[in-house]
Amino acid sequence: MILTLSDGTKVWVNAASELSYKTNFNKKERRVTLKGEAYFEVAKDAHRPFIVETNHINIQAIGTAFNVNSYHANTKVSLTEGKLKVSNEEHEIYMNAGSETEIVDKKLKTFPLVSKAEATAFKDGYFYFKNKDMQQILDELSRWYGIQIDCKIPLNSERYEGSIKRDVTLAELCNVLKDLTGYKLTIENDKLIVNR
């Protein structure tokens with residue numbers, strides 16, 4: 001879903017995500033709350049910082065583009081343009097374009113952005129699996145297609161790589177994943193059953 005906020009900021013909200021905000025921002029700041037994942041192209045406004053609150057961190061921007069993934073406890077911020085200030089209860093750091101920040105042992109750690117394509121994949125309409133294990137892939141499918149996952153066998157820790165448009169049917173994606181991973185994926189009502 002793509003939203004344009006009252007200040008002109010564009011937000012791409014991923015599946016199984018919630019974005020809360022007031023319809024009109026106040027004169028001091030522009031604040032939103034995110035549960036899940038969203039990509040932001042923030043409208044420039046030097047007098048009113050744009051603030052994204054997640055379950056563990058706050059992100060402050062003046063005018064920039066970045067992705068926030070807070071589905072899990074380890075929220076990840078991927079900065080594709082501009083600068084950000086990221087803070088949690090214990091730390092505050094500044095990020096430059098081309099970097100990512102994650103919470104590691106309750107501390108904010110910054111790393112080089114490995115892949116801009118991965119940071120913008122859902123916004124651009126793709127599943128992007130780079131160095132992801134089967135559990136991570138299944139979690140993403142569960143959110144996107146709104147299905148439950150039923151693993152009949154333990155999943156291995158092998159990592160996979162690839163991308164595919166998000167407009168494919170679940171059955172089409174299951175066929176691709178079967179060829180890629182060797183797992184048998186069966187759809188029954190609102191469940192995806194994983195077997196060998």
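Located above this text is the structure these notes cover.
Rules used throughout
Residues numbered from 1 in each chain as written. Predicted model: local features only at pLDDT ≥ 70, side-chain atom pairs only at ≥ 80, totals over all residues. Heavy atoms only, no water. Pairing = 2+ DSSP bridges. Helix = DSSP H or I, 4+ residues; strand = E, 2+ residues; numbered from the N terminus. Axes fitted to C-alpha atoms, helices over the stretch in contact; angles between N-to-C directions. Buried < 20%, exposed > 50% of the residue type's maximum accessible area, 1.4 Å probe, protein only. Core = buried A, V, L, I, M, F, W, Y, C linked by side-chain atoms within 4.5 Å. Contact = heavy atoms within 4.5 Å. Parallel < 35°, antiparallel > 145°, perpendicular 65-115°, else oblique. Nonpolar A, V, L, I, M, F, W, Y, C, P; charged D, E, K, R; others polar.

What follows covers the sheet that holds strand β15 (residues 148–151). Read from one edge to the other, the open sheet built from 3 strands follows the order β15-β18-β17, with strand pairing classed as mixed. Edge positions in the open sheet fall to β15 and β17 (184–188), since each of these has one partner strand only. Strand-to-strand twist of the sheet, defined as the mean angle between neighbouring strand axes without regard to direction, takes the value 25 degrees. In this structure, β15 lies alongside strand β18 (residues 191–195), joined through 4 bridges in parallel fashion.

What follows covers unusual backbone geometry. Although it is not a glycine, Ala16 adopts a positive phi angle of roughly 55 degrees. Within the secondary structure, Ala16 is located in the loop between β2 (10–13) and β3 (18–21). Despite not being glycine, Asn131 shows a phi value in the positive range, around 60 degrees. Relative to the helices and strands, Asn131 resides in strand β14 (residues 126–133). Looking at Asn131, the relative accessible area reads 48%, which means it is partly exposed.

The next subject is the nonpolar core. Counting residues in each nonpolar core, the largest one holds 26 residues, and the members touching the most others are Phe40, Ile59, Phe66 and Leu84. In contact with Phe66, not counting residues within four places along its chain, are Ala38, Tyr39, Phe40, Val42, Val52, Ile59, Ala61, Val77, Ser78, Leu79, Thr80 and Leu84. Core analysis: the next-biggest nonpolar cluster, separate from the first, contains 19 residues, Phe129, Ile164, Leu173 and Tyr183 among them.

For the pair helix α2 (residues 134–145) and helix α3 (residues 170–181), the least separation of the axes is 13 Å and the interaxial angle reads 175 degrees. One way to sum up the angle between α2 and α3 is to call them roughly antiparallel. Across the interface between the two elements, Met134, Ile137, Leu141 and Tyr145 of α2 pack against Leu170, Leu173, Leu177 and Thr181 of α3. A breakdown of the residues in the contact of α2 with α3 according to their chemical character gives 7 nonpolar, 1 polar and no charged.

Glancing now at the side chain of Arg30. Note on placement: Arg30 falls in strand β4 (residues 30–35). Setting aside residues up to four positions removed in sequence, Arg30 forms contacts with Asp7, Thr9, Phe25, Val42, Ala43, Asp45, Arg48, Pro49, Phe50, Ile51, Ala61 and Ile62.

A few words now on the pairing of strand β5 (residues 37–41). Most of β5 is tucked away, with 4 of its 5 residues classed as buried. Inspection of the sheet shows β2 paired to β5 by 4 bridges, in the antiparallel sense. Looking at the pairing, Val11 lines up with Phe40 of β5. Pairing geometry for β5 and strand β8 (residues 65–69), over 5 bridges, is antiparallel. Paired with Tyr39 across the bridge in β8 is Asn67.

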